[in-house]
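Residue strings, one per chain:
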Amino acid sequence: MTLLIGIPLEAAAGERRVATVPEVVEKLIKLGFSVAVQSGAGAGANFDDDAYRAAGASIAATAAELWSGSDIVFKVRPPSTEEVALMREGGTLIGFVWPAQNPELMQQLAAKRATVLAIDSLPRTLSRAQKMDALTSMAGISGYRAVIEAAHAFGRFLNGQVTAAGKVPPAKVFIAGAGVAGLAAIGTAASLGAIVRANDTRAEVADQVRSLGGEFVKVDYEEEGSGGGGYAKVMSEGFQQAQRAMYAQQAKDADIIITTALIPGKPAPKLITAEMVESMKPGSVIVDMAAEQGGNCELTVPGEAVVRHGVTIVGYTDLASRLSRQSSTLYGTNLLRVVEELCKGKDGTINVDFDDDAIRGLTVIKEGNVTWPPPPIKQAVVAPKPAAAAPAAAAAAPAKSKGHGHSGEPMSAKSLAIVFAIGALAFLCVGQFAPASFLSHFTVFVLACFVGYMVIWNVTPSLHTPLMSVTNAISSIIAIGALVQVAPPLGELANAGVRPSGLILGLAVGALTLTAVNMFGGFAVTRRMLAMFRK
């Protein structure tokens, strides 16, 4: 039996996103589903009804028709009480639900014997769940939009400029929290030319901040801040005091502050106090991305932009919705990946399989039974190695390296003496039986190898790559050999006035020219490559 997926018009005030887009509708139909879209559902994201019809969807005139006729409903915002009342008995809902914050909604959905997959409950630690991670998709868009809103409210350029009318310094942006939204904000602000600083309780994100062009500001207090599932945890009072002192210092210097700090299941922590706001320069901007959960700033008004002490505090709760077309496209793709996991047979039906860790984590209600919170994900157990293997390996190591030094251990004194004796004997044979001219060239070759190795391998690693090191070592040998041919050493040949032939001289000069181009060109290219990674 083919199931019908319904896409209603979002009822929340100001919400312009839609749960799927025409290009995703085509893919859902290929999986065997039918799709119905409420009239006007995509208007806020610039998708009209005709675009959905062209993709193969039918259009429902009213919300009642859409909800009552759909086997599966895709939603962005949690459904209202009125929408739950319209829902088909035993239907399926996929979207943001926030079960911890909406216990009454959970009871209403359970009374409908519904199956509910909350996209916000996806276990984000599973690598295969990344394609379904709508939280990350929306957070990245919100972080980008936060910088755009800050630039709009700010009184000058973000990048520094020198014009005929005067010099404009770059804006200083401080970002509190370097999760997905924070990192998106760091990359956007840095690309606009601002001086970006950021802080997070998780020390491991410092490298990510630097890689995006920001400076990581560390709190002068040692404490691990990583919580479960990649989120931050509530820190100790000592850490919070040190953090507040650091924020107070940054507030005096920053032109723009963007806060992103959230802890699952708890109100947003207060990071920016009224005193910090008062200490900021007139015309500064604060964008509080945690406004919907109470805000990281004491003076934030959720849903509004207000001015306090000459500072504009932006508390918009619809940042992702302000890029509705992009948000809807990414969100629709995330839900498509969920459905692909539910419909492995591509036959237009779904199977909510609790043996699948990702699906089990998503499912908060199954057929009217509340299944949230899910049990902890079982970690794969690695079988220990057999105990007998260790002694065998230990016994094999000496046998393998005996007399040869091939197991990573240095050669013994006896082996080293034998190698030197063989080498000395070889040189003695060369000296006794080889022509004098061969011995002279052989000596130059050995010295060239040694000099090339010592010169190139002592160059600082920041000036060359390993491949260029070897190339230049070979080039040094060629250069020394060519110089010997161009200017013969003092000796019998020089005293006799013997000079190399024109052919040999031409080849030597050509070798010197090509070697010089190779060596200096290699350094020039490497210098340009390194410059690409400097701000």
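S.K.: It is not clear to me how the nonpolar core should be interpreted in this structure. Could you clarify?
M.R.: Grouped burial of nonpolar side chains is what soluble globular proteins tend to show. Within the largest apolar cluster, 46 residues are counted, with the highest numbers of intra-cluster contacts made by Ile7, Leu28, Phe33, Phe74, Ile94, Ile119 and Tyr331. Sorting the residues of this core by element identifies β1 (4-7), α1 (22-30), β2 (34-38), α2 (49-55), β4 (72-74), α6 (134-153), α11 (324-342) and α12 (357-362) as the ones contributing at least two each. Considering each element in turn, this core owes the most residues, six residues, to α11.

S.K.: How should the pairing of strand β5 (residues 92-95) be read in this particular structure?
M.R.: Each regular strand displays side chains that alternate between the two surfaces of the sheet. Neither face of β5 is open: one carries Thr92 and Ile94, the other Leu93 and Gly95, and all of them are buried. For β4 and β5, the ladder comprises three bridges, and the chain directions are parallel. Its bridge partner being in β5, Phe74 is matched across the sheet by Ile94. In terms of handedness, the path from β4 via helix α4 (residues 81-86) over to β5 forms a crossover that is right-handed. The pairing of β5 with strand β6 (residues 115-118) spans four bridges and is classified as parallel.

S.K.: Is there a simple way to think about the side chain of Asp255 in this case?
M.R.: Among the secondary structure elements, Asp255 is positioned in the loop between α9 (237-253) and β12 (256-259). Of note is the side chain of Asp255, whose polar atom sits 3.0 Å from the side chain of Lys281. Once you skip the residues sitting within four places of it in the chain, Asp255 turns out to touch Phe154, Arg156, Pro170, Ala171, Lys172, Lys281, Ser284 and Val285.

S.K.: Explain the sheet that holds strand β11 (residues 215-216) to me, please; I cannot follow it from the model alone.
M.R.: Remark on secondary structure: sheet strands pair via backbone hydrogen bonds, oriented parallel or antiparallel. With respect to topology, seven strands assemble into an open sheet ordered β11-β10-β9-β12-β13-β15-β14, the strand pairing being mixed. Single-partner strands in this sheet number two, and they are β11 and β14 (305-308). Of the strand pairs in this sheet, strand β13 (residues 285-288) and strand β15 (residues 311-314) are connected by three bridges, and their pairing is parallel. Directly across from Ile286, in β15, lies its bridge partner Ile313.

S.K.: What should I look at first to understand the confidence of the model for the protein in this one?
M.R.: The predicted model of the protein has a mean per-residue pLDDT of 86, with 84% of residues at 70 or higher. Across residues 388-408, confidence stays below pLDDT 50; counting only partners more than four residues off in sequence or on other chains, it has six contacts.

S.K.: Honestly, the sheet that holds β4 in this entry has me stumped. Any pointers?
M.R.: The eight strands lie next to each other as β3-β2-β1-β4-β5-β6-β16-β17, forming an open sheet whose pairing is mixed. At either margin of the open sheet sits one strand with a lone partner, and together these are β3 (58-60) and β17 (369-370). Here strand β16 (residues 363-366) runs beside β17; their pairing, made up of two bridges, is antiparallel. Looking at the pairing, Ile365 lines up with Val370 of β17. Against the sheet, α11 engages β4, β5 and β6, with an angle of about 135° to β5.

S.K.: Help me understand the pattern of salt bridges, please; the structure alone is not making it clear to me.
M.R.: Think of it this way: side chains of opposite charge can pair up when their charged atoms draw near. Taken as a whole and judged by the stated rule, the model has 26 salt bridges. Here Glu292 and Arg77 are joined by a salt bridge, their closest N and O atoms 3.0 Å apart. Pair noted here: Glu292 is in the loop between β13 and β14 and Arg77 is in the loop between β4 and α4, with a separation of 215 residues, a long-range link. In this structure Glu292 comes out as partly exposed when scored by relative accessible area, which is 47%. Here Arg145 makes a salt bridge to Glu149, at a shortest N to O gap of 2.9 Å. With a gap of four residues between them, Arg145 and Glu149 both fall in helix α6, about one helical turn apart. Note on accessibility: Arg145 and Glu149 belong to one class, buried. Through salt bridges with shared partners, one network takes in Arg128, Lys131, Glu341, Lys344 and Asp356.

Criteria and cut-off values
Residues numbered from 1 in each chain as written. Predicted model: local features only at pLDDT ≥ 70, side-chain atom pairs only at ≥ 80, totals over all residues. Heavy atoms only, no water. Core = buried A, V, L, I, M, F, W, Y, C linked by side-chain atoms within 4.5 Å. Buried < 20%, exposed > 50% of the residue type's maximum accessible area, 1.4 Å probe, protein only. Helix = DSSP H or I, 4+ residues; strand = E, 2+ residues; numbered from the N terminus. Pairing = 2+ DSSP bridges. Right-handed = clockwise from strand over helix to strand, strands pointing away. Polar contact = N/O pair within 3.5 Å; in protein donor to acceptor, adjacent residues only side chain to side chain. Contact = heavy atoms within 4.5 Å. pLDDT = per-residue confidence, 0-100. Axes fitted to C-alpha atoms, helices over the stretch in contact; angles between N-to-C directions. Salt bridge = Lys/Arg side-chain N within 4 Å of Asp/Glu carboxyl O.

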